[in-house]
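Residues per chain, in single letters:
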Amino acid sequence: MKQFAVIGLGRFGTSVAQTLMMMGYEVLVIDEDQEKIQEVVNQVTHAIQADAKDENALKALGIRNFDVVIVAIGKDTEASILVTVILKELGVKCVVAKARTELHGKVLVKVGADKVVFPERDMGARVAHSLVSSNVLDHIELSPDYSILEVVAPDLLVGKTLRQSDLRVKYGVTVMAVKRGREILVSPSPDEPIRENDILVAIGENAKLRSIERE
Ligand code: ATP
């Protein structure tokens, strides 16, 4: 089973660590603040107080044996960058780093982060999309051009099958799944009629998804 380490117990790091634990994974957390460590000591596999800028401390913890290390240090940009460099130099295969700004993100990529996440920016965008249309429940940006949208089936589609609705041709989007109450129809048949209150999980170009948001 994959082993994870989370460095920095702010709101983001704590949430990542708790969610991984809930999913049944082993999680090591590291924070320089002893109080933060005390708060989570009973909720995670191991909680260690250490300055992650200290290469020897990370080495002693056997950090290179972890499959994924999440650098969740935010305010101290220098620390976040240094820790990412050290982790890559120590041979950690997958380093996921949290960035506060675009520039911070660019630097993290340059120093070797395998994945950079922007929790505040991404959550802001998701909330904005859900505010624009009461039909939109969630929006996940896959790239600057493509997204996945979770949208309550617009009235004009109810009663039609996916084939009849012609979403691919009219809007250039593909419905990957339909959520119906507690049921999820994955890769629904083109002959599946869309019912009232169905939730469509659609993938497509951002510009085209916007036209569905407005329906
Ligand atoms: P969030 O927005 O997720 O709440 P944040 O972006 O404001 O967090 P910070 O509060 O700056 O992030 O840092 C998160 C945690 O990282 C803090 O608990 C802090 O003690 C810890 N931290 C910062 N620098 C280091 C370091 N060098 N080694 C270990 N932990 C560190």
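Before any of the text, the structure's been laid out above.
Anyway, here's the lowdown on the structure attached to this text. Computed from a predicted model, the values in this text were never measured in an experiment.

Procedures and definitions
- Residues numbered from 1 in each chain as written.
- Predicted model: local features only at pLDDT ≥ 70, side-chain atom pairs only at ≥ 80, totals over all residues.
- Heavy atoms only, no water.
- Near = heavy atom within 4 Å.
- Polar contact = N/O pair within 3.5 Å; in protein donor to acceptor, adjacent residues only side chain to side chain.
- Pairing = 2+ DSSP bridges.
- Helix = DSSP H or I, 4+ residues; strand = E, 2+ residues; numbered from the N terminus.
- Axes fitted to C-alpha atoms, helices over the stretch in contact; angles between N-to-C directions.
- Parallel < 35°, antiparallel > 145°, perpendicular 65-115°, else oblique.
- Left-handed = near helix turned anticlockwise from the far one by under 90°.
- Contact = heavy atoms within 4.5 Å.
- Nonpolar A, V, L, I, M, F, W, Y, C, P; charged D, E, K, R; others polar.
- Buried < 20%, exposed > 50% of the residue type's maximum accessible area, 1.4 Å probe, protein only.

Attention now goes to the site of the ligand. Taken together, 20 residues sit near the ligand, with Arg-11, Phe-12, Asp-31, Asp-51 and Lys-98 positioned nearest. The side chain of Lys-36 places a nitrogen or oxygen atom 2.9 Å from an oxygen atom of the ligand. At a separation of 2.9 Å, an oxygen atom of the ligand approaches a polar side-chain atom of Lys-98.

Moving on, we come to the sheet that holds strand 10 (residues 183-186). Pairing between the strands of a sheet is mediated by backbone hydrogen bonds and can be parallel or antiparallel. The 5 strands lie next to each other as 7-8-11-9-10, forming an open sheet whose pairing is antiparallel. Edge strands, defined here as strands with exactly one partner in the open sheet, are strand 7 (136-141) and strand 10. On average, adjacent strands in this sheet sit at an angle of 20 degrees to one another, irrespective of strand direction. Pairing geometry for strand 7 and strand 8 (residues 146-152), over 5 bridges, is antiparallel. Looking at strand 8, one finds that Ile-140 is bridged to Ile-148.

At a closest axis distance of 9 Å, the pairing of helix 4 (residues 77-89) and helix 5 (residues 102-110) adopts a crossing angle of 20 degrees. Classed by the angle they form, the pair helix 4 and helix 5 counts as roughly parallel. Judged by the sense of rotation from one axis to the other, the crossing of helix 4 with helix 5 is right-handed. Between helix 4 and helix 5, the residues in contact are Thr-77, Ser-80, Ile-81 and Thr-84 and His-104, Val-107 and Leu-108, respectively. Of the residues in the contact of helix 4 with helix 5, the class split is 3 nonpolar, 4 polar and no charged.

Of all 7 residues in strand 11 (residues 199-205), 5 are buried; the element is thus mostly enclosed. Summarising the sheet, strand 8 and strand 11 pair through 7 bridges and their orientation is antiparallel. Note on strand 11: the bridge partner recorded for Leu-149 is Ala-202. Bridge count between strand 9 (residues 173-180) and strand 11: 6 bridges; the pairing is antiparallel.

What follows covers the environment of Asp-51. Position of Asp-51 among the secondary structure elements: in the loop between strand 3 (46-49) and helix 3 (55-60). It is 22 Å that separates the C-alpha atoms of Asp-51 and Gly-105, two residues lying 54 residues apart in sequence. Polar contacts involving the side chain of Asp-51 include one to the main-chain amide nitrogen of Lys-53, which spans 2.8 Å.

Note that Thr-14 resides in helix 1 (residues 11-22). On the accessibility criterion, Thr-14 (18% relative accessible area) is buried. Polar contacts involving the side chain of Thr-14 include one to the main-chain carbonyl oxygen of Gly-10, which spans 2.6 Å. If near-sequence neighbours (up to four positions away) are discounted, Thr-14 is found in contact with Gly-8, Leu-9 and Val-40.

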